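Observations on the three-dimensional arrangement
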Amino acid sequence: MRKFVTLVTAALILTGSYFIAFGVPSSIGVISAVDTAGGGQANKTAAGQQRARPAGGSNGASATTVVLTPLEMQPYVDILRAIGSANALRSADVVANASGEVSEINLAANRQVSAGDVLVQLDARTEVFNLEIAQTELDQTRDITQRYERLQATGNSTVTDVTLTEARVAQRLAEAKVGLAQVALDDRTIRAPISGKLGLSDVEIGDVLSADSTVVTIDDSEALLIEFELPERSIGLLAKDQTVLANTPTFTGRVFEGQIVSFDSRIDSVTRSVTVKARIENPDALLWPGMTFAVRIINQSDPLAMVPSTAITWSRNGSSIWIESGGVAEQIPVTILFRRDEQVWINADIATGTLVVTEGAQKLRAGSRITTPGSAAQDADRDVPPAATRSTAPEVGQAKPVQPTTTKEPT
């Protein structure tokens, strides 16, 4: 019993302290004022407050406060990025077709050469002699064939058709030997197969080259081919002559423009990417084969409907947005095409400029009345009674207003 009395005393002390510090709550003051005024006054106050509440929505519900943003149409810019390596437009490895000792070289590094220029000369004395022997045999067989033809033309019976045929065959064999000897002699001279710039070579005079050994490389760098890989999703964006932008660390700040010239016809089964080649013109020979390039391909779509990501809502039926239609919310299903940061490009049959709910969409239901912050409709939805129906009785704990008094002076 003592504990109960202690708890009640503590509660009364706390309540009294609260009233002294903050005053009596307005609800208690109103109830007290109503009680002192009588039942009739309470009924009038309740009726006035009932008349002050707005009708709020078709079913009496208050409007939902949301943020509306006009629908915009903007193109989606898709940038594909890749790292690639450059190769010369035409490149050749100069290979020796025959073995032999080097007697002459013209292999200065970085020298510009034309197709057919002599690069290396091998010792060709044996081949020169073989060609001379073959040429002598050809001359001999040719003279025999011509003599037989003259004798047969004059009616000489000693030259038969068989003899003339054998002479002609011998002549053809001699011509073939001359051709072989000439080829062997030509192989002793190594020439540039294409025009371009020579690379480094370690061949020196006196070296003995073996057949099929590489002598030097030649690169035609009037244009470069950059080879790079793009992901599978880029297949629909690839096309010949499409512009690419490339930059290399060698020339910081410079952007080189090129065009796609070819791409593979299949997707790599391991990397799930496609190989692409782009051509970049190099008339000033600034760019070298083997350089690394950062490649960009910019693809811009037609203008599409764009909304903030906060406007998208999800349900079992998929994605949708809410729009304002005559002061109420209407749900429109949409298909998301692209997404970047806080922006979403959608496919929906909505006119440009339509007000879209970008904040507060999760609170909406079909047919809900909507309003924006600070609008008149929002103030109308508040439960504030008009001034005429407010009670003028002072609240409990507040001092009554002092009425002015007049004093009559004595006459």
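Brief notes about unusual backbone geometry
- Phi angles above zero are rare outside glycine, and Asn110 is one such case at about 65°.
- Tracing the sequence through the fold places Asn110 in the loop between β5 (100-105) and β6 (112-113).
- Residue Ala285 is not a glycine yet carries a positive backbone phi of 60°.
- Along the chain, Ala285 turns up in the loop between β14 (273-281) and β15 (292-300).

Some thoughts on the pattern of salt bridges
- Under the definition given, this model contains nine salt bridges.
- Among the salt bridges present, the one from Asp220 reaches Arg90, with a minimum N-O distance of 2.3 Å. Taken as a pair, Asp220 in strand β11 (residues 214-231) and Arg90 in strand β4 (residues 77-95) lie far apart in primary sequence, 130 residues in all.
- On the basis of relative accessible area, Asp220 is assigned to the buried category, the value being 6%.
- For Arg90, a relative accessible area of 41% translates into the label partly exposed.

Quick word on the sheet that holds strand β3 (residues 72-74)
- With antiparallel pairing, the four strands of this open sheet are ordered in space as β3-β16-β21-β20. Only two strands of the sheet have a single partner each, and these edge strands are β3 and β20 (335-340). Sheet twist, expressed as the mean angle between neighbouring strand axes with direction ignored, is 40°.
- Where β20 meets strand β21 (residues 343-347), five bridges bridge the pair, whose relative direction is antiparallel. Within the sheet, the bridge partner assigned to Thr335 lies in β21 and is Asn347.

Overview of the confidence of the model for the protein chain
- Averaged over every residue, the pLDDT of the protein chain is 81; the share at 70 or more is 80%.
- Overall, residues 29-60 carries pLDDT values under 50, and its contacts beyond four positions in sequence, including any with other chains, amount to 26 contacts.
- Predicted confidence is poor over residues 381-411, with pLDDT under 50, and the contacts of this stretch with residues over four places away or in other chains come to 26 contacts.

Let's talk about the nonpolar core
- Ranked by size, the top nonpolar core spans 21 residues in total, and within it Ile226, Phe228, Leu230 and Phe293 carry the most contacts.
- Every element with two or more residues in this core is listed here: β4, β11, β12 (243-247), β13 (256-263), β14 and β15.
- In this structure, Ile226 is in contact with Gly84, Ser85, Ala86, Ala246, Val276, Lys277, Ala278, Ile280, Phe293 and Val295, ignoring residues within four places of it in sequence.
- The next biggest cluster of nonpolar side chains, apart from the first, holds 18 residues, and it includes Ala92, Leu107, Ile194 and Ile218.

Description of helix α4 (residues 125-153)
- Helix length check: α4 (29 residues) gives 42 Å between terminal C-alpha atoms against 42 Å at 1.5 Å per residue, within 8%.
- All of the buried residues along α4 are Glu127, Leu131, Ala134, Leu138, Thr141 and Thr145.
- Buried positions along α4 lie against α5 (161-186).
- Taken from the residues just after α4, Gly155 is the one with a positive phi, measuring 90°.

A look at the packing of aromatic side chains
- Overall, the coordinates contain three aromatic pairs when judged by the stated rule.
- Plain terms: the ring middles of Tyr76 and Phe338 are 4.1 Å apart, the flat faces sit at 5° to each other, and that makes the pair stacked. One end of the pair, Tyr76, is in the loop between β3 and β4; the other, Phe338, is in strand β20, with 262 residues separating them in the sequence.
- Both rings, one in Phe251 and one in Phe256, keep their centres 6.2 Å apart while their planes meet at 70°; by these two values the pair is edge-to-face.
- Take Phe251: its relative accessible area is 21%, and that puts it in the partly exposed class.
- For Phe256, a relative accessible area of 9% corresponds to the buried category.
- Put simply, the rings of Tyr76, Phe338 and Trp345 pair up and form one aromatic cluster.

Some points on the pairing of strand β7 (residues 118-122)
- Counting buried positions along β7 yields four of five residues, so the element is predominantly enclosed.
- Across three bridges, β5 lies against β7 in antiparallel orientation. Its bridge partner lying in β7, Ile105 is registered against Val120.
- Across three bridges, the pairing between β7 and strand β8 (residues 189-191) is antiparallel. Note that in β8 the partner of Val120 across the bridge is Ile190.

Here's the deal with the environment of Val216
- With respect to the helices, strands and loops of the structure, Val216 is situated in strand β11.
- Along the primary structure Val216 and Ser201 are separated by 15 residues, whereas in three dimensions their C-alpha atoms are 5.3 Å apart.
- Among all residues touching Val216, those that are not within four sequence positions of it are Ala92, Asp93, Val94, Leu107, Leu119, Leu198, Gly199, Leu200 and Ser201.

The rules behind each value
Residues numbered from 1 in each chain as written. Predicted model: local features only at pLDDT ≥ 70, side-chain atom pairs only at ≥ 80, totals over all residues. Heavy atoms only, no water. Helix = DSSP H or I, 4+ residues; strand = E, 2+ residues; numbered from the N terminus. Salt bridge = Lys/Arg side-chain N within 4 Å of Asp/Glu carboxyl O. Buried < 20%, exposed > 50% of the residue type's maximum accessible area, 1.4 Å probe, protein only. Pairing = 2+ DSSP bridges. Axes fitted to C-alpha atoms, helices over the stretch in contact; angles between N-to-C directions. pLDDT = per-residue confidence, 0-100. Contact = heavy atoms within 4.5 Å. Core = buried A, V, L, I, M, F, W, Y, C linked by side-chain atoms within 4.5 Å. Expected span 1.5 Å × (residues − 1). Phe/Tyr/Trp six-rings, centres within 6.5 Å; stacked < 30°, edge-to-face > 60°.

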